[in-house]
Structures are given as C-alpha cells and as structure tokens.
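Observations on the three-dimensional arrangement
Each chain is listed here by its residues.
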Amino acid sequence: MCGIIGYVGNKPVVDILLDGLKQLEYRGYDSSGIAVECDNQIKVYKAVGKLNNLREELSSHAYEISKANTGIGHIRWATHGVPNVINAHPHTCNCGKLAVVHNGIIENYKELKQKLEALGCVFKSQTDTEVVAHLTAMNYAKVNDLKQAVQLTAHEIEGAYALAIMHSDEPNKLVVTKRNAPLIIGVGEGEYYAASDIPAFIQHTNNAIYLKDNEVATLTPSELKIEDSEGKPIIAKVEKLPWEPVALSKMGYKHFMLKEIHEQPDVIRNILAGKLRCSDEPICLDEVKLNKDSLKKLNRIQVIACGTSLHAAMIGKYIIERFCQIPVDVEASSEYIYRSTVTDSNTLVIGVSQSGETADTLTAIKQAKAKGSHILIITNRPDSAMAREADSLLSVNAGIEVSVAATKSYIAQLTSFYLLALYMAEIKESHNIAEINKIKQEMLVLPQKIEQILVNKDNIKACARKYSSTRDFIYIARGINYPTALEGALKLKEISYINATGYPAGELKHGPIAMLDDTMPVLSILMNGSVYEKLLSNSEEAKARNAQMIALTNSTDKKLDELFDFIVRIPDVDEILSPIVSIIPLQLIAYYIAEFLGKDVDQPRNLAKSVTVE
Ligand code: F6R
C-alpha cells in the first residue's frame, strides 16, 4: 500500500507534493514525509499521523524549502516497522545524498540488509525500504549515474515496488521504476510528475504514461527518458486521463462516504445507460468476449475478491446460478491463492475489485489465467493492473471512490453482476424470458427507489442514534441477503469499530444465539419473498432471548410492530433485486453511528483503500 509522488519542474514543489499526498491518503495515512532538493542538498521532513502533522512540521521550515522545485513524497500504511518518524519515508543513504520513497514490499530485504550491514551501511529504521536507499547508494558509488544505479538495484531487489529516487549530485532529476505496483507519470509543460495514482497530479495535467513493470524512467524538467530493464529506450504512449478534479470534491457533504452513498442512484443509471435501455430489448454487453458457444461450454464459474467486493461476488453467485444454471464458487482471493484450484479453459474466472490493484485478487487472477481460464474483471479502475489481465473487462464507472469504506463501488459491482447474469441467460436461453424482462423492467426503476430511501433518511438516522452506544451488533438475513448482512456488518465495524457480525439467520440457533440478551441489537433484513416467513420466525427466536430487534423491511405488515423495537421501511422490490436496495440503509446506519461516535469516517484507523500488499 502507501502512496508515492515525485515532481520535477519549475514550480515550488512542496505544495505540489502535499496536495498530491492528500489525494493519496486513501492508500494509507499513518505517517508521511517529503524530500526536497535545496541548495544542492536533500532535505527530509517527516511526521507521524495524518498529513496535517507534516504540514505543521513544514510550516517552521517554510522559508528554506520555498524555492525547492524537485522532490518526492510518501504517505505510509505500515507493513514493516511501527508507524513512527524513523520508519516514515523518505529513507536516505548514510551520507544523506540519496533519498527514496517506496510503495510495496521488498521481499528479500533481510538478506540484502545483512549484506549491506557487512559493507558498513548503518540502518536507522525497521523498514524494508531502507535497503533500497543503501543499495542504490552503493551502486551509485560504482557507476556514478543515478539511472544506472537504480537499474542495478532493480535487478537485486525482489517483491513489489514503485520507487522514486533522487540524488543531490544529480540535481533537478528523479529516477522512478516499478514492479507489480502502480506508477503513473504525469506529463506537464516543462514538468513531470510520478505518482501511485492519478488523483495525485490530475489537477496539474491529464496527460499520463503508465509505466510498465521493470521500466526505469528518468525525469528532468525538460526531458523524460524511459528504458526497459536492459537499458533499451522505450517510446511510451501518452494517454489522456478521463477523470476530472471535481470528482474529488465533497460537494457540500460532510464526508466523502455520505457523498458517495448519495451518488448511488446515478451510478446505477450510468451503468445501465447503453446496456439496458428497455425491458424487451436484449442486454448489450459487448465487453463480454465469450461467444454463445463458449458460454454454453462453461462448466463452472469462480469468483474471487476481497472484503466488500467479496460480498458483491457472493450475491453474484445467487444471481448467476438462478438465471444461468452454471455452478458458481466464490472465494476470498487470499484463500484461493494458497490451495490447488481446479480451473481450466471451460471455467470462467471473475475477479471483482474496486481498485483493480488488490494484491491477493491480482495474484489469484494471474494464477487462473495461467491455467487457461477466461478472465473477466469487474472493476472501477479500467486502468488498473487487474484490468490489464482481463480477457473481458466490465468497467463499472462509479467514479473515484475516496472514502475507505466502499459504498458506490459495491452498488456498481452488484449492478454489473445483474447485467452479466441476465446477459448470459439471454444468450444461453437458460431462463424464462418473461421473468428476465420483468427483472430488467424493475432494474430501470432502482435508482428512484434508492432516491426515496435517501430523501427519507431521518428514520434511519434515528435508528443509528438509538443504537450508537451499543458494543456489539448482529445482522441476520437469509438467501440472497445473507451477503447484505455481512456487508452491513463490515461497514459498521470498519468505520465505528463496533463489533458487528452478519449471520445466515438459520445458523443463529447453532451457537450465536447464546450471545443474545437485552444489550444485543439484532437487525433482521426482512425482505418480501421466499425466505420472509423463515426469517420472521428466526427473528421471533431472537426476540424470545430479549434481544433488541430491528427490522429492515419492505413489508407493510402491521404485525411487525409487535415483534420489532425499531423498523426501517424501504420501498418494495423483487426479492432477487433486493440486495441493491437493502444495503443503502445499512450504509447509512454505519455512517451515522460512526458520525455520532466522532470517528474518522473517511479514514478509519488501521485501514487503507487500496490493499496492494499480501
Ligand atoms: C470495505 C472495503 C474493503 C475492500 C477490499 C477489496 O469497505 O472497501 O473491504 O472491499 O479491500 O478492495 P478492492 O475492491 O479494491 O479489491
């Protein structure tokens, strides 16, 4: 994880680095630092905690660094070594002439550290990154050229990395390289940026180059040179970036999470546009590169993902099995990669990821690809590493999601699963067309139903207030909304730190019911349909143990008033589509509870938005 940025040009660099790091805070925020070139020296400034602490630290050095216009910056999510000033990046070599920022993990750092210590290097931090500083400085002493020194270093280090390195003997220059971690170069007028992600520089330029693995780029204000690992020059393609800076503003909302929750109706509309126009026209999904024959030959589908994306995948299983009659397995990527999986050319492997960079999912996808499976990626980042592995790419177009807690990307993934399942069912002719058309008709009105919930959210807020002092929370559901219970619980625990768990309600009596008493809220996701009565009786069982009962329901049944202490009612919707609507109040409950508790909603502790380490 972590985020890096670098700049060479003629503008004052400090604000460029700080503003860029602000946009990368989703990648980590436990410490930060910058290195800038001043009067032929490299000056390093670091701080623990949020970026504001670094800003404060820099304010007392404002004059001495005001003229600097070359520098690198880093925002950290600790992997090796606790978050403190010493472990914060940039790291320097012993003479202080070379500074490096790094995103990723150097896997062979222990061996390298031993070797470098034997050669006289003195390590200050507990990080894996510091080996890069010492090793590159050693290489520099041999070749007296920063680019060559970095190339030598890249041959010796193993693991995943994006690196930006500067040396005071080569002023106005940065050398950057990457392997299995993102690094994008922003191309301006007489200036270049290098960063882990586009938002770090998009307010300055939307011309960019995606550096490829093992390429080494040398950036000066007047020139950009890229070479492959053997030193062969590369002519890189400059791409126009699609995203506008306005996407990064809170647009008047108190938090990005709240803004992103409110964007969900439009997210659905955007995805449906051009793909599902009306109920009696077939779904158009040209992105799926499987023809009718290969779709018919599919013997199974594996879906791999992590966290919230995994919950979307679990709902995807229900939908695909229902409409397409193909067995679907869903697995956490981190488990998938450490067992021998049965995959072949008749297996469709679907990777689901907001960021498209999650290390475990990326590795799982690569493993499946090597076995000859067709790889379909559902992601919010069509420019990501996962997207580049895709045979079929479903880009969900939810726009940049800043809040660490995923909301609109989840809705976008779900919508994509519905489109995919219905599309495959239409091609395979595996399901009754009248029912497919009915579902398509309902999908078109989902945005209005979500808008109704968002407009009438006072009751949801009241529910959050009533239960905000609880220490534990249980969510129960059955069938297609069981993953909704998991996702509702995940949202609550990640931003409020309340211990929340989702259960398939039928499992309650096999153990968890022992926890119930009058201090335990149990939220029942009670949607009209096949499991309504079953869940109602599971809720009765919980009530009989004095639990505080909350219903999230689309039923108008008055009897519920007796059973439940609090009821959140939402518009009615077909059971199969209900996960798209039922998650909205759960996102809001999590949001308001965290808000009432004064938690850092958009940047919860210990988390980062993009998990690029295993
Ligand atoms: C929770 C959340 C995480 C991510 C998970 C996978 O709100 O955001 O659980 O869903 O880290 O990330 P992606 O989808 O980027 O692969």
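Computed from a predicted structure; not experimentally measured. (Residues numbered from 1 in each chain as written. Predicted model: local features only at pLDDT ≥ 70, side-chain atom pairs only at ≥ 80, totals over all residues. Heavy atoms only, no water.)

1. Section: the sheet that holds strand S23 (residues 521-526)
- Pairing is parallel across the open sheet formed by five strands, whose spatial order is S22-S21-S23-S24-S25. Looking at the sheet topology across the chains shown, the edges are occupied by strand S22 (499-504) and strand S25 (566-569). This sheet shows a mean twist of 20° between the axes of neighbouring strands, independent of strand direction.
- In terms of strand pairing, strand S24 (residues 548-553) meets S25 through four bridges, oriented parallel. Across the sheet, the residue bridging to Leu 552 is Val 568, located in S25.
- The strands that helix H18 (residues 482-496) touches are strand S21 (472-477), S22 and S23; relative to S22, the one it contacts most, it runs at about 175°.
- The sheet strands contacting helix H19 (residues 532-544) are S21, S23 and S24, and the helix crosses S23 at an angle near 170°. (Pairing = 2+ DSSP bridges. Helix = DSSP H or I, 4+ residues; strand = E, 2+ residues; numbered from the N terminus. Axes fitted to C-alpha atoms, helices over the stretch in contact; angles between N-to-C directions. Contact = heavy atoms within 4.5 Å.)

2. Some thoughts on the packing of helix H10 (residues 307-324) against H18
- At their nearest, the axes of H10 and H18 sit 9 Å apart, and the two run at 170° to each other. Between H10 and H18, the interaxial angle falls into the category roughly antiparallel. Taken together, the residues of H18 that come into contact with H10 (itself represented by Gly 307, Thr 308, His 311, Met 314, Ile 315 and Tyr 318) are Tyr 482, Pro 483, Thr 484, Leu 486, Glu 487, Leu 490 and Lys 491.
- Of the residues in the contact of H10 with H18, the class split is seven nonpolar, four polar and two charged. (Parallel < 35°, antiparallel > 145°, perpendicular 65-115°, else oblique. Nonpolar A, V, L, I, M, F, W, Y, C, P; charged D, E, K, R; others polar.)

3. Considerations on the site of the ligand
- Near the ligand there are 14 residues, and of these Ser 309, Ser 353, Ser 355, Thr 358 and Glu 494 occur at the shortest range.
- One of the side-chain nitrogen or oxygen atoms of Ser 353 is found 2.6 Å away from an oxygen atom of the ligand.
- Bound to the protein, the ligand loses 90% of the 400 Å² it would expose on its own.
- Secondary structure elements with two or more residues in the shell around the ligand: H10 and H18.
- Residue contributions to the shell around the ligand peak at three residues, all from H10.
- Counted by class, the shell around the ligand contains five nonpolar, seven polar and two charged residues. (Near = heavy atom within 4 Å. Polar contact = N/O pair within 3.5 Å; in protein donor to acceptor, adjacent residues only side chain to side chain. Areas by Shrake-Rupley, 256 points an atom, 1.4 Å probe, with all protein chains shown as cover.)

4. Some remarks on the side chain of Glu 130
- Residue placement: Glu 130 occurs in helix H5 (residues 130-143).
- In this structure Glu 130 is buried but unpaired, with Lys 124 as the nearest side chain of opposite charge at 4.0 Å.
- Sequence-distant contacts of Glu 130, defined by excluding residues within four places in its chain, comprise His 91, Val 122, Phe 123, Lys 124 and Ser 125. (Buried < 20%, exposed > 50% of the residue type's maximum accessible area, 1.4 Å probe, protein only. Lys, Arg positive; Asp, Glu negative; His and termini not counted. Salt bridge = Lys/Arg side-chain N within 4 Å of Asp/Glu carboxyl O.)

5. Examining the sheet that holds strand S20 (residues 392-395)
- Read across the sheet, five strands follow the order S17-S16-S18-S19-S20 without closing on themselves; strand pairing throughout is parallel. The sheet is open, and its two borders are formed by strand S17 (328-332) and S20, each paired with just one other strand. Adjacent strand axes in the sheet meet at a mean angle of 20° when their direction is disregarded.
- Summarising the sheet, strand S18 (residues 347-353) and strand S19 (residues 374-379) pair through six bridges and their orientation is parallel. Residue pairing for S19: Val 349 is matched across the bridge by Ile 375.

6. Observations concerning the domain arrangement of the chain
- We note that the domain assignment places domain 1 (3-248), domain 2 (256-444) and domain 3 (454-596) within the chain.
- With centres defined by C-alpha atoms, the gap from domain 2 to domain 3 works out at 26 Å.
- Taken together, the contact pairs 28 residues of domain 2 with 25 residues of domain 3.
- Carbon and sulfur atoms make up 74% of the surface buried where domain 2 meets domain 3, a total of about 2,300 Å² over both sides.
- A per-residue breakdown of the area domain 2 buries against domain 3 is headed by His 311, Tyr 318 and Tyr 418, which together make up 21% of the total.
- For the pair domain 2 and domain 3, the interface holds one salt bridge.
- A salt bridge links Lys 438 to Asp 574; its shortest N-O distance comes to 2.8 Å.
- Between the two partners, domain 2 and domain 3, sit ten residue pairs in polar contact (both at pLDDT 80 or more).
- Elements with a contribution of two residues or more to the side of domain 2 that touches domain 3: helix H7 (256-262), helix H8 (264-272), H10, helix H14 (408-428) and helix H15 (433-444).
- Sort the elements by how many residues they give to the side of domain 2 that touches domain 3 and H10 lands first, with nine residues.
- Class assignment for the residues of the side of domain 2 that touches domain 3 results in 18 nonpolar, seven polar and three charged. (Domains from an automatic or database assignment. Buried area = accessible area lost by both parts, 1.4 Å probe.)

7. Let's talk about the nonpolar core
- Ranked by size, the top nonpolar core spans 94 residues in total, and within it Phe 323, Ile 350, Tyr 418, Met 443 and Phe 473 carry the most contacts.
- The biggest single contributor to this core is H14, with 13 residues.
- Both of domain 2 (256-444) and domain 3 (454-596) provide at least three residues apiece to this core.
- Among all residues touching Phe 323, those that are not within four sequence positions of it are Ala 421, Leu 422, Ala 425, Ser 430, His 431, Glu 435, Ile 436, Ile 439 and Ile 576. (Core = buried A, V, L, I, M, F, W, Y, C linked by side-chain atoms within 4.5 Å.)

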